[in-house]
Amino acid sequence: MNQKKNILLHLYGDPDAEGDLRSLLKDPELREEHTALMEAKFRLDHMHRSRPDAALVERIMAEAAPAAAAIAAGHRRGDRPALRRFRPLRRVLIPAVSIAAVVVVAVGLGWFNILTEKQTPESNEVAVREDAVPPESLLRATPVNPDLMAPRPASTADPLLAWDEAETIRDMYRRMESMRPNSPLDWGERSVPLESIPGSAAPGSALHQAGVQRR
Amino acid sequence: MAFTSRVGDRFDRTSASDEALVSAYVDSGDESAFRVLVERHQERVFGFLLGMVRDRSVANDLFQDTFIRVIAALQRRRGSYSQQGRFLGWTLRIARNAALDYLRTRKRWQDMSSVNEEDETSFWERLPDDGLPGDEILHQSELEDFLRECIDRLPPEQREVVLLRHEAELTFREIAEMTDCSINTALGRMRYALLNLRRLMKESTKKDLTEVGS
């Protein structure tokens with residue numbers, strides 16, 4: 001902002017005026033500017049104020065009165081009842097579908113649990129029955145205890161307890177002990193030809209012939 | 001109702017702020033509050049309109065039209081009146097639009113707005129060279145008429161700033177905001193307006209004295 005406009009702001013007492021007026025008026029050009037502006041402003045300040053015709057205000061108030069009455073009547077009517085809030089269909093459907101999905105999943109899980117609880121004893125029993133014939137007995141053609149092969153009644157069909165029968169364990173232990181001294185093989189030892197095992201491949205036997213042909 | 005019942009008869013309308021009066025009228029239907037607003041600002045609004053259109057009957061019509069628009073806007077629950085505490089500025093903006101609409105229809109605003117305000121002589125060279133008689137100048141009331149005639153001869157932008165400052169009593173910042181220009185532009189227009197007024201008055205006086213002397 002140049003100094004001449006600053007002089008104008010000082011002249012009108014505007015808060016945006018910068019600097020001190022006295023220091024500005026030390027400049028002859030600015031002093032002359034200030035005098036010229038002040039002279040014109042003095043004339044303008046002493047102009048009489050113009051007023052509209054008195055009847056005009058009454059006409060305006062005649063227009064304002066119905067509006068005021070309408071506002072006042074609006075207040076006298078009191079508060080209107082609360083409007084029912086409009087809820088869009090989407091805002092209702094999303095929570096409803098979510099809740100339904102949770103219920104369906106919960107019911108499904110519950111039903112699945114009931115089914116699995118019913119099936120578990122039978123499947124365990126089948127597994128026990130499959131394991132009831134020890135593989136060693138098949139290889140050695142050892143007679144199997146007929147009690148193990150026979151289906152157990154449902155009331156006593158506890159698979160864990162069946163293995164805990166001391167007689168069966170003792171029977172297996174005796175068989176293992178009887179096998180140990182007869183066999184030179186043991187787990188983890190180096191593999192050897194079958195004919196080298198004494199008593200397993202006698203000369204002239206089919207096994208012995210197969211070994212000769214292989215060489 | 002709520003407003004009047006809250007403050008009761010102790011509500012002093014004459015000393016209440018513009019905003020309080022607007023609230024009393026809009027919220028409570030207090031007709032007297034609106035009357036105080038009209039009477040408080042009638043000189044500012046009418047002086048501005050009269051200076052713009054230079055015709056008292058037209059200014060009267062525009063004054064009434066302005067306040068009817070104000071009522072209509074306030075009836076729409078304040079309408080465009082959103083600037084709290086600036087009722088006068090808002091009303092003057094409505095008045096200015098009404099005046100400009102009128103002047104556009106009369107093609108008076110555009111005819112003069114082509115003047116370059118930075119070039120002072122371009123406008124003054126076009127002024128009619130008729131001095132006023134000395135007895136009119138000497139008379140106080142006629143001196144004021146003479147001053148008004150000088151204001152009328154100012155370029156529209158300068159005249160508008162003079163009217164908004166001296167009749168409507170707006171600050172230069174408010175004038176700049178209302179006329180959509182910078183404060184520097186508003187100050188420049190005001191400076192040229194004052195200098196032009198002074199020159200016109202001096203030239204007229206000099207001419208008159210010359211005629212009396214001869």
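Residues numbered from 1 in each chain as written. Chains lettered and ligands numbered in written order. Predicted model: local features only at pLDDT ≥ 70, side-chain atom pairs only at ≥ 80, totals over all residues. Heavy atoms only, no water.

A. Molecular detail of the overall build of chain B. Helix and strand counts for chain B come out as 12 helices and zero strands. Along the chain direction, N to C, the helices and strands of chain B fall in the order α-α-α-α-α-α-α-α-α-α-α-α. Here chain B, with 214 residues, has 53% of them falling under the buried criterion. At a minimum sequence separation of 6, the contacts of chain B that also span at least 24 residues come to 63%. (Helix = DSSP H or I, 4+ residues; strand = E, 2+ residues; numbered from the N terminus. Buried < 20%, exposed > 50% of the residue type's maximum accessible area, 1.4 Å probe, protein only. Contact = heavy atoms within 4.5 Å.)

B. Inspection of the packing of helix α3 (residues 31-53) of chain B against helix α10 (residues 156-166) of chain B at higher detail. Residues and elements named next belong to chain B. Put simply, α3 and α10 touch, their axes get as near as 9 Å, and they point 160 degrees apart. On the basis of the axis angle, α3 is roughly antiparallel to α10. The chirality of how α3 crosses α10 is right-handed. Between α3 and α10, the contacting residues are G47, F48, G51 and M52 on the first element and R159, E160, L163 and L164 on the second. Split by residue class, the contact of α3 with α10 holds four nonpolar, two polar and two charged. (Axes fitted to C-alpha atoms, helices over the stretch in contact; angles between N-to-C directions. Parallel < 35°, antiparallel > 145°, perpendicular 65-115°, else oblique. Left-handed = near helix turned anticlockwise from the far one by under 90°. Nonpolar A, V, L, I, M, F, W, Y, C, P; charged D, E, K, R; others polar.)

C. Examining the pattern of salt bridges more closely. With the rule as written, the count across this model stands at 23 salt bridges over all chains. The salt bridge partner of E29 of chain A is K4 of chain A, with a shortest N-O separation of 3.3 Å. Within this pair, whereas E29 of chain A is found in helix α3 (residues 28-45), its partner K4 of chain A is found in helix α1 (residues 3-11), the two being separated by 25 residues in sequence. We classify K4 of chain A as partly exposed; its relative accessible area is 25%. As a salt-bridge pair, E160 of chain B and R96 of chain B come within 2.2 Å of each other at their nearest N and O atoms. Of this pair, E160 of chain B sits in helix α10 while R96 of chain B is found in helix α5 (residues 87-106), placing the two residues 64 residues apart along the sequence. Taken as a pair, E160 of chain B and R96 of chain B share a single burial class, namely buried. When salt bridges that share partners are traced, they join R49 of chain A together with R44, E144, R148, E167 and E169 of chain B into one network. (Salt bridge = Lys/Arg side-chain N within 4 Å of Asp/Glu carboxyl O.)

D. The interface of chain B and chain A, seen in detail. At the interface, 49 residues of chain B touch 40 residues of chain A. Interface of chain B and chain A: buried area, both sides summed, is about 4,400 Å²; carbon and sulfur atoms make up 62% of it. Considering only the side of chain B, the residues that lose the most area to chain A are E43, H166 and R191 of chain B, jointly responsible for 14% of the buried surface there. On the surface where chain B and chain A come into contact, there are seven salt bridges. Between E58 of chain A and R35 of chain B there is a salt bridge; the shortest N-O distance is 2.9 Å. (Buried area = accessible area lost by both parts, 1.4 Å probe.)

E. Spatial organisation of α3 of chain A. All names here are of chain A. With 18 residues, α3 should cover 26 Å at 1.5 Å per step; its first-to-last C-alpha distance of 25 Å lies within 8% of that length. All of the buried residues along α3 are L30, E33, H34, A36, L37, A40, K41 and L44. Capping the start of α3, D27 holds a side-chain oxygen 3.1 Å from the backbone nitrogen of E29, two or three residues further along. (Expected span 1.5 Å × (residues − 1). Polar contact = N/O pair within 3.5 Å; in protein donor to acceptor, adjacent residues only side chain to side chain.)

F. Spatial organisation of a nonpolar patch on the surface. All names here are of chain A. Nonpolar side chains collect at one region of the surface, where L89, L93 and V97 lie side by side and expose about 310 Å² of accessible area between them. Note on placement: V97 falls in helix α5 (residues 89-131). A residue is classified by how much of its surface remains accessible, and V97, at 53% relative accessible area, is exposed. (Patch = residues over 30% accessible without salt bridge, like charges linked within 9 Å, V, L, I, M, F, W, Y side chains within 5 Å. Areas by Shrake-Rupley, 256 points an atom, 1.4 Å probe, with all protein chains shown as cover.)

G. Seen up close, the environment of L21 of chain B. Residue and element names in this part refer to chain B. With respect to the element layout, L21 can be found in helix α2 (residues 18-28). With a relative accessible area of 0%, L21 lands in the buried category. Expressed as a C-alpha distance, the spacing of L21 and S32, which sit 11 residues apart in the sequence, is 8.8 Å.

H. Spatial organisation of the packing of α3 of chain B against α5 of chain B. All names here are of chain B. Orientation of α3 relative to α5, taken along the N-to-C sense of each, is 30 degrees, at an axis distance of 10 Å. Judged by the inter-axis angle, α3 sits roughly parallel to α5. Both α3 and α5 take part in a crossing whose hand is right-handed. Contact residues: α3 offers L37, H41, R44, V45, F48, L49, M52 and V53, while α5 offers F87, L88, T91, L92, A95, R96, A99, L100, Y102 and L103. Class assignment of the residues belonging to the contact of α3 with α5 gives a composition of 14 nonpolar, two polar and two charged.

I. Here's a closer look at the nonpolar core. The biggest cluster of nonpolar side chains holds 83 residues, and the ones touching the most others in it are F34, V53, F63 and F172 of chain B. At 12 residues, the largest contribution of residues to this core is made by α3 of chain B. In this structure F63 of chain B touches P52, L56 and I60 of chain A together with V38, Q42, V45, F46 and L49 of chain B, once residues within four positions along its chain are discounted. (Core = buried A, V, L, I, M, F, W, Y, C linked by side-chain atoms within 4.5 Å.)

Taken by themselves, the reported measurements are silent on function.
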